[in-house]
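Understanding the architecture of this molecule
Single-letter residue listing:
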Amino acid sequence: MLDSQCEMHGDSSLEQFTDHLRIDFREWEVVSQDRVTLVQRDAVRTVVLASIDGVIKTQMEIYVVKKDGCLFDLEYIAPPRSFESGRGDFAKVVNGFAFPIRGG
């Protein structure tokens, strides 16, 4: 999933923007979080284990970056048992992300 917001996102840190994504989740456990570079900007990459209603478990890899006044989050969400098998495809999406985004 890719989401963007180019107005009204405030001036929070990348870590705070990442934490805001937990709003729909009942449980949220950060497995890892590190600074990376994405579209020539500082970004935060976070892996979390979460549950929506305390029963449905999910694992996520999230990149959050700000560029040219816009806030972007790229998210990969999968059941923990199949999370690793899809990470390579998600890495291709992240590595191919460019701004400005051009329609095809």
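Presented here is a report on the structure given in the accompanying data block. Residue positions within a chain follow its written sequence, with the count starting from 1. Where totals are concerned, whole chains, interfaces and linings use all residues; where local detail is concerned, this predicted model gives features only for residues with pLDDT of at least 70, and gives and counts side-chain atom pairs only at 80 or more. As a rule here, side-chain values cover all heavy atoms of the structure and leave hydrogens and water aside.

Strands are runs of DSSP state E lasting at least two residues, helices are runs of H or I lasting at least four, and both sets are numbered from the N terminus onward. The secondary structure content of the chain amounts to 2 helices and 5 strands. Along its sequence from the N terminus, the chain presents helices and strands in the succession β-α-β-β-β-β-α. Seen through its C-alpha atoms, the chain measures out along the principal axes to roughly 40 × 30 × 25 Å. Three exposure classes are used, based on accessible area relative to the maximum for each residue type with a 1.4 Å probe and protein chains only: buried under 20%, partly exposed in between, and exposed over 50%. Going through the 104 residues of the chain one by one, you find that 38% of them count as buried. If you take every contact in the chain between residues at least 6 apart in sequence, the share linking residues at least 24 apart comes to 47%. When the accessible surface of the chain is totalled, it reaches about 6,500 Å², and 50% of it is carbon and sulfur. By the counting scheme adopted, Arg and Lys are positive, Glu and Asp are negative, and His together with the chain ends is not counted. A single reference atom marks each charge: NZ on Lys, CZ on Arg, CG on Asp, CD on Glu. Distance between charge centroids for the chain: 4 Å, based on 12 positive and 17 negative side chains. Residues count as neighbours in contact if any of their non-hydrogen atoms are within 4.5 Å of one another. Exposure was quantified through the Shrake-Rupley algorithm and a 1.4 Å probe, taking into account, for residues, occlusion by the shown protein chains and nothing else.

Let's shift gears to the packing of aromatic side chains. Aromatic rings from Phe, Tyr and Trp, taking only the six-membered ring of Trp, are treated as a pair when their centres fall within 6.5 Å; an angle between ring planes under 30 degrees marks them as stacked, one over 60 as edge-to-face, and anything in between as tilted. For the structure on display, the rule yields 5 aromatic pairs. Relative to F90, the ring of Y63 has its centre 6.0 Å away and its plane inclined at 50 degrees; by these criteria the two rings are tilted. Of this pair, Y63 sits in strand β4 (residues 57-67) while F90 sits in helix α2 (residues 83-96), placing them 27 residues apart in sequence. For Y63, a relative accessible area of 12% puts it in the buried group.

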